[in-house]
Amino acid sequence: MIEASYFPNDLEQKWYAKWLENDLFKRKIFPDKTAYTIVIPPPNVTGILHMGHILNNTIQDVLIRRARQKNQSVFWIPGTDHAGISLQIKVEKELAQQNKTRYDIGREAFLDLAQKWREKHGGIILDQLKKLGISCDWSALKYTLDPDYYRAVLTTFVKWYRQGYIYRGLRLVNWCPVSMTALSDEEVIMRQQNSSLYYIKYEIVEKPGTFIIVATTRPETIMGDVAVAVHPSDERYRDFVGLHCWRPILRESIPIIADEMVLKDFGTGALKITPAHDAVDFEIGQRHELAAIGVIDKNGKLNRFAGPEFANMDRFEARKRVGEYLQKNGLLVKEEIYTNSIGFSERAGVPVEPMLSEQWFLKYPCVEEAKLAVQKGFIRFRPERWEKTYIHWLDHIKDWCISRQLWWGHRIPVWYRKGKDRNDPQNWHVSVDGPEDFENWDQDEDVLDTWFSSAIWPLATLGWPDEKAMAMMGFDYFYPTADLVTGPDIIFFWVARMIMSGLNLLGDGEERLSNDEIRRRIPFRNVYFTGIIRDHLGRKMSKSLGNSPDPLDLIEKYGADGVRIGLLSMAPNGQDILFSEDRVAQGKKLCTKLWNSFRFRQQGSMEGDRSSLAAIVERINDATLEIDDIAILGKLLQVMDEFEHAMADYEFSHALQILYTFFWSDYCDWYIEISKIRIDGTVLAIHDLLLRQLLLLFHPFIPFVTEELWWEHGYGTKFLSEELLGNSDELRHDLSKIDFGKVEILSEEIEHIRELVVASRALKAQFELSSRRDVKFYFKADPEAQDVIDRHLRGIKHLLLTQFFDKTAEALQLPTTVVVLGAIYIDTANSLNLIAEKERLKRELEQLDQLIEMNQEKLNSEDFLKRAPQNIIAGARNLLAENRAKKKELEAVLLKLSTIN
RNA sequence: GGGCGGGUAGCUCAGUUGGUUAGAGCAACUGGUUUACAUCCAGUAGGUCGCAGGUUCGAGUCCUGUCCCGCCCACCA
């Protein structure tokens, strides 16, 4: 027997443990069956569970459980990411509390601390995810710093180095003065800032007393100026080009040059050139062979090249001081308030400093193939529109700065001969295992960008590049993976890079790949981009705003099942999601309702065999089968088709909606109620059948409560999680003893009865007679319709809570409503307000007239008759006829009412 | 500056290739609680589909223009 109340928490824990005990999530290889693989987007070990994880992992779990129901060989690979900068920052913060930096304790001790931190906190997020019920194969758990994964990362580096994709170079990079490392362009986010635009006088060397005025937002870099540039066609400065001007601070003569890149209409049209601290300046500097003088240090403070007055000053302090200095010396023309966008470090939240520095770069491999893979549909994005974003990025791709001046991560597998020139590749050793004469070499100090290791996630989790490991994991069988579920915010960081990595690394660095090769090497076939979860005001959820609910609290309150469907129900196809706790509450309500529908069923006899679908079907007795039964089963088949389509299109909330409506309004509100008058063996069997099917359909969404009910109702000895779910054709076949030949006609009949019941209830409500069980109804219908009503009379009376639903041959002087089957009258037991009733009918007639007129007009139009398709015309005619019949009935009643008094 | 997404009931959103009288949930209001329902059921009200044109027999749906909101990209110092 099922407990009286639904308490999700205990049963969820119970079932998760049982599933694990019975190895239900373990990967299976049935060589003759389709493989279905998902790699989890590895959460950061520093992460705490947020709503995005919940949505993302729920969707994956739904897909995975569906694949199991379809008897595919399912493999869901879980894992975590070492979270380079993020974890390093955390450990450094702990150190800072003891007034220490990482340099005080040294690399080894620092890594030790980081490792300890990871051991202590790294598993938390996975434990939290388990509460959600996700069914990963935990035996395949991967971590990006596992020894084998580490090797995979180094192998990738070495391979790309040897293929010439990785090189070392002195470039202008994004420098984060807080984390003290270089960053990739993707890790820099642009923000609008209120700045000042300084107009500064540079005196012409050759024409003392004449000035060229330069506008800049960064006066603190003046000391690094090596030229002033103007546009070659700028008339204003034509005579200055080729001359020199005095650098206003650290006075020195610098050339005035012409370059196309300068914008004539910005500021004064004259640009100061500081190659060490600005990307445009760097490029111009290169073109004109100018030196680069770095005046800002790695910690964001000015250095000795900035001169004694400013050395050691923070860059923002220096900006103010330089401004004051210029003002004092009459070199500042004006200072304008100005809004511009500047780059911030994503992690540290401070403006990045463009800085000249020696770094490792990756020129991306297989860029063209990566585009083709998506353009030709080998990889499908959903929603499709993200393809444009992806292609656009690849079209404008720039080399990736992959080295980080951090300690936590994969150390770059490059060694330099001790005491020799590091800039000479002759003195380099690049290999996974390092040089044999270790003592003569120094390893590169830097580690790789975390995303570099993420890029090979689908490969390395399946054992790549170690052949034995690949064989053990079933690489050939499970790769390419089927679906990747992730957010569009990491389309460049992760998705694109995984695609390029797969395409290159599964070969020998060939120049061009055939379509077949591309198809074989892509890491996944579908990418489903979820929306971003926002609060009810549309703001991004963030810790600082405090607008993010704790998912664990929600699970505690509503159960994991409730949270899962609550979230899915508010997540339409790839749109941003406005979070609403109400939806989660509704999710739990659905589970409760399902629970209670079983409790209703269990009030009936529990004797019949429920152990298999066949056994249940066996219990259906054709002789007592009624139209209601066939109609609801027909509806089930139809719902299964619609559901299947929605799932195939990755429309999860729509799919859920389809099930929800069928369960709640068709099954509970209609079928259960109508079946109450004739509970017999057949009806109980139909209930068992419908409930069984509902459990199967709902299971991927709400795995816990469905599993509980499955066992409690004795549906078999196998876990529901292991039960297969066929499509509607297979079910139709299993139900072959039921004649669905006339199901459409029968369903239409039921629809008419439903219409009649709804209209009658409305009548009752209108006259505030809902409480009365002695209300009399009459109906006037033509003989055919009368037969239909007769067939369902018991049910109608039951649903209307009335004993009287009798026929009448003539229109009555009673309130009425007209439906397809005929006119219904309600006996208001003399409480009829004649005038009000006449008014009501007149209003109804007016509306009807409007409809009829519209319809008539349409049918009068020759163009319409000539051009519209037949079925539309027929539909319009039908409607017109129906409405005219209604009108006639209403008029008859109105006439009757008028004759009174 | 370029690109993308969105604007439909008080709120959150559906609305398939243009086709019968634009839907659902929540909130509101009214009534009820009957063989499951810390509830549930029944009913009512609420919309000139952002705005303006156009194409069409027919437009929420297609086209053009326009206004808002959000996001992404970009070397205006």
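Since this is a predicted model, take the numbers as computed values, not measurements.

*Asks:* Explain helix H7 (residues 279–287) to me, please; I cannot follow it from the model alone.
*Replies:* Residues spaced three or four apart along an α-helix point in a common direction, a consequence of the helix completing one turn every 3.6 residues. Among the residues of H7, Asp281, Phe282, Ile284 and Gly285 are the ones counted as buried. Along its buried surface, H7 packs onto strand E5 (166–176), strand E11 (253–258), strand E12 (270–273) and strand E14 (353–362). At the N-terminal boundary of H7, the capping side chain belongs to aspartate 278, with an oxygen 2.9 Å from the backbone nitrogen of valine 280. Looking one or two residues past H7, glutamate 289 carries a phi angle of roughly 55°, positive in sign.

*Asks:* How do you make sense of the protein's contact with RNA strand B when you look at a structure like this?
*Replies:* Near RNA strand B, the surroundings consist of 57 residues, among which Tyr338, Trp664, Arg867, Ile872 and Leu879 are the closest. Atoms of RNA strand B within 4 Å of the protein: sugar and phosphate make up 60%, bases the balance. At a separation of 3.2 Å, a sugar or linking oxygen of RNA strand B approaches a polar side-chain atom of threonine 217. Measuring from a phosphate oxygen of RNA strand B, one finds a side-chain N or O atom of aspartate 669 at 3.1 Å. Ranked by the residues each element gives to the surface near RNA strand B, the list is headed by helix H18 (residues 581–601), at 9 residues. Class assignment for the residues of the surface near RNA strand B results in 25 nonpolar, 15 polar and 17 charged.

*Asks:* Just to check I follow, could you spell out the nonpolar core for this structure?
*Replies:* It is characteristic of soluble globular proteins that their nonpolar side chains tend to be buried jointly. Formed by 204 residues in total, the largest nonpolar core has its most connected members in Phe157, Phe381, Tyr390 and Phe805. Per-element accounting of this core gives the leading share, 13 residues, to helix H21 (residues 652–675). In contact with tyrosine 390, not counting residues within four places along its chain, are Ala370, Lys371, Val374, Phe381, Ile491, Ala496 and Ile499. Listed in part, the 35 residues of the second largest apolar core include Trp175, Ile200, Tyr202 and Leu332.

*Asks:* It is not clear to me how a negative patch on the surface should be interpreted in this structure. Could you clarify?
*Replies:* A surface patch of like charges, here negative, comprises Asp641, Glu642, Asp729, Glu730 and Asp734. Among the elements of the structure, helix H20 (627–648) and helix H24 (728–734) are those that each provide at least two residues to the negative patch. Ranked by residue count, the leading element in the negative patch is H24, at 3 residues.

*Asks:* Teacher, can you tell me more about the state of the cysteines here?
*Replies:* A disulfide bridge is the covalent bond that connects two cysteines by way of their sulfur atoms. Under the counting rule described, the total for this entry stands at 0 disulfides. Left without a disulfide partner, cysteine 176 is nearest to the cysteine sulfur of cysteine 401, which lies 13 Å away. No disulfide involves cysteine 591; its sulfur sits 13 Å from the nearest other cysteine sulfur, which is in cysteine 668. Take cysteine 591: its relative accessible area is 0%, and that puts it in the buried class.

*Asks:* So what exactly am I meant to see when it comes to the packing of aromatic side chains here?
*Replies:* Working definition: an aromatic ring pair is given by the centre-to-centre distance plus the angle between the planes. Summed over all chains, the structure comprises 45 aromatic pairs. Plain terms: the ring middles of phenylalanine 310 and tyrosine 325 are 6.2 Å apart, the flat faces sit at 80° to each other, and that makes the pair edge-to-face. A residue pair is termed long-range when its members are at least 10 positions apart, and phenylalanine 310 in the loop between H7 and helix H8 (315–328) and tyrosine 325 in helix H8 qualify at 15 residues. For tyrosine 325, a relative accessible area of 22% gives the class partly exposed. These aromatic residues form a ring-pair network of at least three members: Trp160, Tyr364, Trp393, Trp400, Phe452 and Phe492. Against the face of tryptophan 15 rests lysine 18, its NZ or CZ located 5.3 Å from the ring centre.

*Asks:* How should the side chain of histidine 687 be read in this particular structure?
*Replies:* One can find histidine 687 in helix H22 (residues 681–698). Using a relative accessible area of 0% as the deciding quantity, one classes histidine 687 as buried. Among all residues touching histidine 687, those that are not within four sequence positions of it are Phe600, Arg601, Tyr667, Tyr671, Ile672, Ser675 and Tyr715.

*Asks:* Can you walk me through unusual backbone geometry in this structure?
*Replies:* For residues that are not glycine, phi is negative in most cases, and the peptide bond is trans in most cases. In this model, tryptophan 464 is joined to proline 465 through a cis peptide bond whose omega is 5°. Summarising the element assignment, proline 465 is placed in the loop between helix H12 (457–460) and helix H13 (467–473). Here the phi dihedral of leucine 250 falls at roughly 55°; this positive angle occurs in a residue that is not glycine. Within the secondary structure, leucine 250 sits in the loop between strand E10 (244–246) and E11. According to the relative accessible area criterion, leucine 250 is partly exposed, its value standing at 35%. With phi around 60°, tyrosine 650 is a residue other than glycine that occupies positive phi space. Examined against the element boundaries, tyrosine 650 turns out to sit in the loop between H20 and H21. According to the relative accessible area criterion, tyrosine 650 is buried, its value standing at 8%.

Rules behind the numbers
- Residues numbered from 1 in each chain as written.
- Chains lettered and ligands numbered in written order.
- Predicted model: local features only at pLDDT ≥ 70, side-chain atom pairs only at ≥ 80, totals over all residues.
- Heavy atoms only, no water.
- Buried < 20%, exposed > 50% of the residue type's maximum accessible area, 1.4 Å probe, protein only.
- Helix = DSSP H or I, 4+ residues; strand = E, 2+ residues; numbered from the N terminus.
- Contact = heavy atoms within 4.5 Å.
- Polar contact = N/O pair within 3.5 Å; in protein donor to acceptor, adjacent residues only side chain to side chain.
- Near = heavy atom within 4 Å.
- Nonpolar A, V, L, I, M, F, W, Y, C, P; charged D, E, K, R; others polar.
- Core = buried A, V, L, I, M, F, W, Y, C linked by side-chain atoms within 4.5 Å.
- Patch = residues over 30% accessible without salt bridge, like charges linked within 9 Å, V, L, I, M, F, W, Y side chains within 5 Å.
- Areas by Shrake-Rupley, 256 points an atom, 1.4 Å probe, with all protein chains shown as cover.
- Salt bridge = Lys/Arg side-chain N within 4 Å of Asp/Glu carboxyl O.
- Lys, Arg positive; Asp, Glu negative; His and termini not counted.
- Charge placed at Lys NZ, Arg CZ, Asp CG, Glu CD.
- Disulfide = S-S within 2.5 Å.
- Phe/Tyr/Trp six-rings, centres within 6.5 Å; stacked < 30°, edge-to-face > 60°.
- Lys NZ or Arg CZ within 6 Å of the ring centre and 35° of its normal.

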